[in-house]
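Below, each chain spelled out in residue letters.
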Amino acid sequence: MRDLLVKIALKLGIYKWLVEKINHIKFEIQAQKMRRNGLEMLQAADAAFTEMDVKAFLTYGCLLGAYRDHGFISYDPDIDLGVLSDEIPADINEHMAKHGFQLYRSVVMDDRKTIAETTYIYKGIHLDVFHYYREGDDFYSIIQRKHETKEWKEANATDGFPCDRSYVPACEMERRDFLGLQIWMPIDTDGWLRAIYSDSYMTPIKNWDVADGYVTRIIKTKNRTYRLLY
């Protein structure tokens, strides 16, 4: 049924509009769940990674919220954590499950082995865990983008999705207060946020997108990514 509806929407030229409407509704629902259980989920995630002896640090929207807004961004629908890929144990999913997290999705590179991002669900909220890799004096993470023309299911079964590399200065992590919790954050938080969101990161932009032309250290690549659903 879903495939038939997608074909009809594509034929009528309303697929993109329909997806945007559905995503908007999902976004609002997720943002409400975040306001209720976000802090609890962050505490549970920190406990799980601490058990693994892994420093899981705030990144992307959560890091921006912590630094600029001193808490979660009010409209943020999920939590973004980063981990150094070479620190992740093979039994990470067992540890996460013990703390209430259900494995939902992984984003992998062309080789189907290199992990860009893993998503877990906790009480209906998404936890996005970005894998960071070292390159010279930088760390980088991999961001999956929408397919140029295809809907996600067809893209995933064929040529995959375009992706970018988001470079940030390599630095140590330190625990800082976040709404009463001690959470890992990069020491050079300002450098990270300038690299990700540009020098104007202190100005809130609700629908920020790198495609709008902001000067950042997010670089387009020729690689493709794929989604593994569980």
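Refer to the preceding data block for the structure.
Residues numbered from 1 in each chain as written. Predicted model: local features only at pLDDT ≥ 70, side-chain atom pairs only at ≥ 80, totals over all residues. Heavy atoms only, no water.

A. Just the overall build of the protein, in detail. Helix and strand content of the protein: six helices and ten strands. Among the 230 residues that make up the protein, the fraction classed as buried is 46%. Taking all contacts inside the protein whose residues are at least 6 apart in sequence as the whole, residues at least 24 apart take part in 63%. On the protein, roughly 12400 Å² of surface is accessible, and the fraction owed to carbon and sulfur atoms is 54%. (Helix = DSSP H or I, 4+ residues; strand = E, 2+ residues; numbered from the N terminus. Buried < 20%, exposed > 50% of the residue type's maximum accessible area, 1.4 Å probe, protein only. Contact = heavy atoms within 4.5 Å. Areas by Shrake-Rupley, 256 points an atom, 1.4 Å probe, with all protein chains shown as cover.)

B. View of the pattern of salt bridges. Taken as a whole, this structure holds 13 salt bridges when the rule is applied. Between Glu-148 and Arg-224 there is a salt bridge, and its shortest N-O distance comes to 3.0 Å. Residue Glu-148 is located in the loop between β6 (138–144) and α5 (152–157), and its partner Arg-224 is located in strand β10 (residues 218–229); the two are separated by 76 residues in the primary sequence. A relative accessible area of 17% places Arg-224 in the buried class. Across the pair Arg-176 and Glu-174 runs a salt bridge whose closest N-O atoms are separated by 2.8 Å. Using a relative accessible area of 31% as the deciding quantity, one classes Glu-174 as partly exposed. Via salt bridges that share partners, Glu-148, Lys-150, Asp-159 and Arg-224 belong to a single interconnected network. (Salt bridge = Lys/Arg side-chain N within 4 Å of Asp/Glu carboxyl O.)

C. Summary view of the nonpolar core. Membership of the largest hydrophobic core comes to 49 residues, with the highest contact counts inside it found for Phe-49, Leu-58, Leu-81, Met-96, Phe-101, Leu-127 and Trp-192. Take this core: its biggest share by element is six residues, from helix α2 (residues 15–51). Counting residues in each nonpolar core, the second largest holds eight residues, with Val-107, Met-109, Cys-163 and Tyr-167 among its members. (Core = buried A, V, L, I, M, F, W, Y, C linked by side-chain atoms within 4.5 Å.)

D. Fine view of the pairing of strand β8 (residues 173–178). Bridge count between β8 and strand β9 (residues 181–186): six bridges; the pairing is antiparallel. Looking at the pairing, Arg-176 lines up with Ile-183 of β9. Where β8 folds back onto β9 in an antiparallel hairpin, the turn is made up of two residues, including Leu-179, whose phi is positive at roughly 55 degrees. (Pairing = 2+ DSSP bridges.)

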